[in-house]
Amino acid sequence: TMTDTTTATTVVTMTDTTTMTEEATQTVVSGCTDLGGAVADLVDSADAVAAFTTAIAGVVDVPTSYVKNVVFTDGSTCGGRRLGARRLQTTGTVTYDLVFPASLGAGAQEAAEAAITALESATAESVSTALTSAMETYSSLADITVTVENVGSLVTSESGGTTPEPTEAPETTEAEDEGPPDAACGAGGLALGLLAMVGHSIF
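This one's a predicted model, so the numbers in the text were calculated from it and none came from an experiment.

Engineer: Any details on the packing of helix H1 (residues 46–60) against helix H2 (residues 107–121)? Residues and values, ideally.
Structural biologist: Viewed as axis vectors pointing N to C, H1 and H2 meet at an angle of 100°, and their least axial separation amounts to 8 Å. The angle between the axes of H1 and H2 places the two elements in the roughly perpendicular class. The residues of H2 that touch H1, namely those facing Ile 56, Val 59 and Val 60, are Ala 115, Ala 118 and Leu 119. For the contact of H1 with H2, the class distribution of residues is 6 nonpolar, no polar and no charged.

Engineer: Quick rundown of the pairing of strand S5 (residues 92–100)? Include the residues and the values.
Structural biologist: Two faces, one strand: in a regular strand the side chains alternate between the faces of the sheet. Here S5 lies mainly inside the structure; 8 of its 9 residues are buried. Bridge count for strand S3 (residues 26–37) against S5 is 9 bridges, and the pairing is antiparallel. Each residue of the ladder has a partner; that of Gly 31, found in S5, is Tyr 96.

Engineer: Please set out the nonpolar core residue by residue, giving values where relevant.
Structural biologist: Counting residues in hydrophobic clusters, the biggest one holds 36 residues, and the most contacted among them are Leu 35, Leu 42, Phe 52, Phe 72, Leu 98, Phe 100 and Leu 131. Within the residue set of this core, elements represented by two or more residues are S3, H1, strand S4 (67–74), S5, H2, helix H3 (124–135) and strand S6 (146–150). For this core, the leading source of residues is H1, giving 7 residues. Beyond its immediate chain neighbours, meaning those up to four positions away, Phe 52 contacts Thr 33, Val 70, Phe 72, Val 94, Tyr 96 and Leu 131.

Engineer: Could you give an account of the environment of Ala 124, naming the residues involved and the relevant values?
Structural biologist: Here Ala 124 shows up in helix H3. With a relative accessible area of 2%, Ala 124 lands in the buried category. With 24 residues separating them in the primary sequence, Ala 124 and Val 148 have C-alpha atoms 5.5 Å apart.

Engineer: Would you mind going over the packing of aromatic side chains in detail, with residue names and values included?
Structural biologist: With the rule as written, the count across this model stands at 3 aromatic pairs. Relative to Phe 72, the ring of Phe 52 lies with its centre 6.2 Å away and its plane at 80°, an arrangement referred to as edge-to-face. Of this pair, Phe 52 sits in helix H1 while Phe 72 sits in strand S4, and the two are 20 residues apart along the sequence. When its relative accessible area of 1% is taken as the criterion, Phe 52 is described as buried. Measuring from centroid to centroid gives 5.6 Å for Tyr 66 and Phe 100, while their planes differ by 75°, and the two rings are edge-to-face. With Tyr 66 in the loop between H1 and S4 and Phe 100 in strand S5, this pair connects stretches of sequence that are 34 residues apart. Taken individually, Tyr 66 and Phe 100 each receive the classification buried, so the pair is uniform in this respect. Members of the aromatic cluster, connected to one another through ring pairs, are Phe 52, Phe 72 and Tyr 96.

Engineer: I'd love a proper account of H3, names of residues and values included.
Structural biologist: For H3, spanning 12 residues, the distance from its first C-alpha to its last is 16 Å, which sits close to the expected 16 Å at 1.5 Å a residue. What H3 keeps buried is the set Ala 124, Val 127, Ser 128, Leu 131, Ala 134 and Met 135. For H3, the angular spread of the buried residues around the axis is 130°, confining them to a single face. Looking at the packing, one finds that the buried side of H3 touches S3, H1 and S6.

Cut-offs applied
- Residues numbered from 1 in each chain as written.
- Predicted model: local features only at pLDDT ≥ 70, side-chain atom pairs only at ≥ 80, totals over all residues.
- Heavy atoms only, no water.
- Axes fitted to C-alpha atoms, helices over the stretch in contact; angles between N-to-C directions.
- Helix = DSSP H or I, 4+ residues; strand = E, 2+ residues; numbered from the N terminus.
- Parallel < 35°, antiparallel > 145°, perpendicular 65-115°, else oblique.
- Contact = heavy atoms within 4.5 Å.
- Nonpolar A, V, L, I, M, F, W, Y, C, P; charged D, E, K, R; others polar.
- Buried < 20%, exposed > 50% of the residue type's maximum accessible area, 1.4 Å probe, protein only.
- Pairing = 2+ DSSP bridges.
- Core = buried A, V, L, I, M, F, W, Y, C linked by side-chain atoms within 4.5 Å.
- Phe/Tyr/Trp six-rings, centres within 6.5 Å; stacked < 30°, edge-to-face > 60°.
- Expected span 1.5 Å × (residues − 1).
- Arc of directions from axis to C-beta.

Just geometry here; none of it tells us what the structure is for.
Rendered as structure tokens:
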């Protein structure tokens, strides 16, 4: 007796998932402020950097951690706009960045714009007062007199973006169908049946 056996076909599908990676975007506001007085004494001074950081953060109302890359330079000028009729007597500058982290999301740009507005509305006198107050907290700066002659101009920039990971097409692997049982087996069974019928007829 021959028994037909049915073989099932199995299809295995492997699919690669494409992931969009959102790169961090931070907003940076770069500033330059004209200073008067003993700017040379502030060059390479960690206390001076800390004092200015505190002062400018207070003026624009941001955490001091947002103030980066503070550099005092003697004998330079920002070349920015003059505030009111105040006569500039610049002896040096201080440059800095306000870095609004990507963790703020869409709020980074908004916070940067608010800082720009605050700084543009500030006067040289108010920033000078803030700097003097901050310097007074450091003994190394106690005998140094520096004034803000010009708040200066601001430049905004952004970094980061959306970068997709490489996309790979889905990959499908299909198992071969083994088909029905061996046809030879079926043919052999049919031949044996015919021979049995012939033998019965003869005898």
